[in-house]
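Secondary and tertiary structure notes
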Amino acid sequence: MFGKDVRMTPCFPVSSRAMRLKTSSRTKMPVISFANAKGGAGKTTAALLLATELAHQGYRVTVIDADPQRWISQWFETTGNVRNIEVVSEVTVASLQCHLREMGSRTDYFIVDLAGARDALVTTAIGLSDHVMIPVQGSAMDAKGAAQILDLLAFLKEKAGLTIAHSVVLTRVTSMVTTKALLTIKGLLAARGVHVLDTPIGERIAFKELFEIGGTLHTLDPQKVSNVDKAKENARSFAEEVMRMMPMKVIRSGAPRFFNFTRNAA
């Protein structure tokens, strides 16, 4: 079990019809899911960067940690109190919509980190999302994992009438990857009608350090971690681009939130 402060919040199953009514029935706050059927695509890093940058800008963020690896839950336990961030762990198909509904009044953005798989929980979360981010490193395996998510989005549109906005975000981009190479990748995806974010997420030591020592990019010591300023700029550009794509404008809430780790019962 993660954390010392455990608060049990019962969540009960809802009817399957509720997914069709997602906009009106659960919350008006944006739900952004990160999904790739292959693990190791940089999905959790991208989710954490977005969550911490939004929180730094004053938005209240709830992270739904639906990845069995629980990397964000472990990060939160290592970090301790984090301004404007709450993390929900142990999520099930039955409890997911309850968490979104019950926490909507104290959340500006929901960030959902999903398993590197294509299962019932991934399908449910995607069906409840306002936008699905699909991290891709550029490898063949990542591309196959992304294709499975794209196929799932197409299936939900055809069978359930759900048209869900989605984008690919290129991750772990190194200095060896040229602008021409990035444009080629974007062009190939665009040819399939897939939107690709203009801001790739770089391969940076600072991003790895968050999972090693906890904290955020704004609490890392530049004397001990290299290129923190560049990492912060990368995260800020990524978050700003994501916010511009949201279907509604989110107004920053008043007082910041400080939470000990929360583990909600499934």
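Scroll up to find the structure.
Note that the coordinates shown come from a computational prediction; the quantities given were computed from them, not determined experimentally. (Residues numbered from 1 in each chain as written. Predicted model: local features only at pLDDT ≥ 70, side-chain atom pairs only at ≥ 80, totals over all residues. Heavy atoms only, no water.)

1. Here we look at the pairing of strand S4 (residues 85-88)
Burial of S4 is two-sided: the residues Ile85 and Val87 facing one way and the residues Glu86 and Val88 facing the other way are all buried. Across four bridges, the pairing between strand S2 (residues 61-66) and S4 is parallel. Along S4, the bridge assignment pairs Val63 with Val87. (Buried < 20%, exposed > 50% of the residue type's maximum accessible area, 1.4 Å probe, protein only. Helix = DSSP H or I, 4+ residues; strand = E, 2+ residues; numbered from the N terminus. Pairing = 2+ DSSP bridges.)

2. A word on the sheet that holds strand S7 (residues 165-170)
Read across the sheet, six strands follow the order S4-S2-S5-S1-S6-S7 without closing on themselves; strand pairing throughout is parallel. Every interior strand has two partners, whereas the edge strands, S4 and S7, have only one. Sheet twist, expressed as the average angle between the axes of neighbouring strands with direction ignored, equals 20 degrees. (Axes fitted to C-alpha atoms, helices over the stretch in contact; angles between N-to-C directions.)

3. Some thoughts on the side chain of Asp130
In this structure, Asp130 sits in the loop between helix H5 (120-127) and strand S6 (131-136). Within the structure, Asp130 has its side chain in polar contact with the backbone nitrogen of Val31 (distance 2.8 Å). (Polar contact = N/O pair within 3.5 Å; in protein donor to acceptor, adjacent residues only side chain to side chain.)

4. Remarks on the nonpolar core
Nonpolar side chains in soluble globular proteins generally cluster together in the buried interior. Membership of the largest hydrophobic core comes to 39 residues, with the highest contact counts inside it found for Ile32, Phe34, Leu50, Ile85, Ile111, Leu217 and Phe238. Looking at which element gives the most residues to this core, the answer is helix H2 (residues 43-56), with eight residues. Ignoring any residue separated from it by four or fewer positions in sequence, one finds Phe238 in contact with Phe34, Ala46, Leu50, Val169, Leu197, Thr199 and Ile201. Counting 36 residues, the second-largest nonpolar core is a separate cluster that includes Val112, Ile126, Leu156 and Ile164. (Core = buried A, V, L, I, M, F, W, Y, C linked by side-chain atoms within 4.5 Å. Contact = heavy atoms within 4.5 Å.)

5. Remarks on H2
Along its 14 residues, H2 runs 20 Å from first to last C-alpha, staying within 8% of the 20 Å computed at 1.5 Å per residue. Of all 14 residues in H2, 13 are buried, a share of seventy percent or more. One or two steps after H2, the chain reaches Gly58, where phi turns positive at roughly 105 degrees. (Expected span 1.5 Å × (residues − 1).)

6. Details of the environment of Met246
Position of Met246 relative to the elements: it lies in the loop between helix H9 (228-244) and strand S8 (258-259). By relative accessible area, Met246 is classed as buried at 8%. Distance in space between the C-alpha atoms of Met246 and Asp130 is 7.6 Å, their sequence separation being 116 residues. When near neighbours in sequence (up to four residues on either side) are disregarded, Met246 contacts Pro30, Ile32, Tyr109 and His131.

7. Some points on the packing of H2 against helix H8 (residues 205-213)
Packing of H2 against H8 brings their axes to within 11 Å, and their N-to-C directions diverge by 85 degrees. Relative to H8, H2 is oriented roughly perpendicular. For the pair H2 and H8, contact is made by Thr44, Thr45, Leu48 and Leu49 and by Phe207, Leu210 and Phe211, respectively. Split into classes, the residues belonging to the contact of H2 with H8 amount to five nonpolar, two polar and no charged. (Parallel < 35°, antiparallel > 145°, perpendicular 65-115°, else oblique. Nonpolar A, V, L, I, M, F, W, Y, C, P; charged D, E, K, R; others polar.)

8. Some remarks on the pattern of salt bridges
For the structure on display, the rule yields ten salt bridges. Among the ionic pairs, Asp67 bridges to Lys43, the shortest N-O distance being 3.1 Å. With Asp67 in the loop between S2 and helix H3 (71-79) and Lys43 in helix H2, this residue pair connects regions lying 24 residues apart in the sequence. In this pair, the class of Asp67 matches that of Lys43, namely buried. (Salt bridge = Lys/Arg side-chain N within 4 Å of Asp/Glu carboxyl O.)

9. A closer look at H9
Given 3.6 residues per turn, any residue in an α-helix points the same way as the ones three and four places further on. With 17 residues, H9 extends 24 Å between its outermost C-alpha atoms, agreeing within 8% with the 24 Å of an ideal straight helix rising 1.5 Å per residue. Restricting attention to buried positions, one finds in H9 the residues Val228, Ala231, Asn234, Ala235, Phe238, Ala239, Glu241, Val242 and Met243. Structurally, H9 contributes buried residues whose contacts are with strand S1 (31-34), H2, strand S5 (109-114), S6, S7 and H8.

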